[in-house]
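A closer look at the structure
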Amino acid sequence: MIALASDHAGYALKKDLEEYLASKGYETKDFGTFSEESCDYAVYGYRACRAVTDGTCEKAVLVCGTGIGMSLAANKVKGIRCVVCSEPFSAKLSRNHNDSNVLALGSRVVGSELAKMILDVWLENDFEGGRHQRRIDLVADIENGKEL
Ligand code: RB5
């Protein structure tokens, strides 16, 4: 199950991606917002991220105008590794090296077709582990208040 969330600015792209994911056989759950009425991205991004950390959803895709607000909010949730991507190379490496579990997209930055390409690459790539595990463990140490 893939969690989806957006603010008003990301709403149309989120719905487009929801339909696209369904056409590819993915199950999704939309955590809001549910219209283009102005709202605050942190609320919806947070709800989708909690669904990832409580195990209800495997990953989340968040959409706001730039992807930046969503990614900032998402990375405040313990256990979330969110990346904002506007091209597929970073999306791929964020899975291979950083084990990203949340993807943030900017509806005012990427068009629908590029967003789908980024999403495909992000979903199809896996974490490579090894030395990269040590590095994401260190990032988690920061989250847990350890001095490095
Ligand atoms: C809303 O206007 C916009 O600020 C929001 O969608 C997002 O881009 C924030 O990072």
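Predicted model, so just to flag it, every value in this text is computed and none were measured. (Residues numbered from 1 in each chain as written. Predicted model: local features only at pLDDT ≥ 70, side-chain atom pairs only at ≥ 80, totals over all residues. Heavy atoms only, no water.)

With respect to the packing of aromatic side chains
All chains considered together, the criterion is met by zero aromatic pairs. Over the face of the ring belonging to F34 we find K14, whose NZ or CZ atom lies 5.7 Å from the ring centre. Against the face of W122 rests K59, its NZ or CZ located 5.8 Å from the ring centre. (Phe/Tyr/Trp six-rings, centres within 6.5 Å; stacked < 30°, edge-to-face > 60°. Lys NZ or Arg CZ within 6 Å of the ring centre and 35° of its normal.)

Considering a nonpolar patch on the surface
Where nonpolar side chains cluster on the molecular surface, the patch consists of I68, L72 and V84 and spans about 270 Å² of accessible area. Assignment of secondary structure puts I68 in helix 3 (residues 68-74). (Patch = residues over 30% accessible without salt bridge, like charges linked within 9 Å, V, L, I, M, F, W, Y side chains within 5 Å. Areas by Shrake-Rupley, 256 points an atom, 1.4 Å probe, with all protein chains shown as cover. Salt bridge = Lys/Arg side-chain N within 4 Å of Asp/Glu carboxyl O. Helix = DSSP H or I, 4+ residues; strand = E, 2+ residues; numbered from the N terminus.)

With respect to the site of the ligand
Taken together, D7, H8, A9, Y41, C64, G65, T66, I68, G69 and R108 make up all the residues around the ligand. Between G65 and the ligand, the recorded distance is 2.8 Å, taken from a backbone N or O atom to an oxygen atom. Between the ligand and the protein, one listed contact pairs an oxygen atom with a side-chain N or O atom of R108 at 3.2 Å. For the ligand, the accessible surface in isolation is 290 Å², of which the surrounding protein chains cover 70%. When the residues that make up the shell around the ligand are grouped by side-chain class, the tally is four nonpolar, four polar and two charged. (Near = heavy atom within 4 Å. Polar contact = N/O pair within 3.5 Å; in protein donor to acceptor, adjacent residues only side chain to side chain. Nonpolar A, V, L, I, M, F, W, Y, C, P; charged D, E, K, R; others polar.)

Remarks on the pattern of salt bridges
Tallying each qualifying case throughout the model produces 11 salt bridges. As a salt-bridge pair, D120 and K24 come within 2.9 Å of each other at their nearest N and O atoms. Taken together, the residues D120 in helix 5 (residues 112-124) and K24 in the loop between helix 1 (11-23) and strand 2 (28-30) connect sequence positions 96 residues apart. You can call D120 buried: its relative accessible area is 17%. In the salt-bridge network here, residues are joined through shared partners; they are K14, K15, E18 and D30. (Buried < 20%, exposed > 50% of the residue type's maximum accessible area, 1.4 Å probe, protein only.)

A short note on helix 5
The first and last C-alpha atoms of helix 5 sit 18 Å apart over 13 residues, in line with the 18 Å expected at 1.5 Å per residue. Next to the buried residues of helix 5 lie strand 1 (2-6), helix 1, strand 3 (59-64), strand 4 (82-84), helix 4 (88-96) and strand 5 (102-106). (Expected span 1.5 Å × (residues − 1). Contact = heavy atoms within 4.5 Å.)

Re the packing of helix 1 against helix 5
Where helix 1 contacts helix 5, the two axes come as close as 11 Å, and the packing angle between them is 50 degrees. With respect to their mutual orientation, helix 1 and helix 5 come out oblique. With respect to the hand of their crossing, helix 1 and helix 5 are arranged in right-handed fashion. For the pair helix 1 and helix 5, the contacting residues are L13, D16, L17, Y20 and L21 in the first and S112, A115, K116, L119, D120 and L123 in the second. For the contact of helix 1 with helix 5, the per-class residue count stands at seven nonpolar, one polar and three charged. (Axes fitted to C-alpha atoms, helices over the stretch in contact; angles between N-to-C directions. Parallel < 35°, antiparallel > 145°, perpendicular 65-115°, else oblique. Left-handed = near helix turned anticlockwise from the far one by under 90°.)

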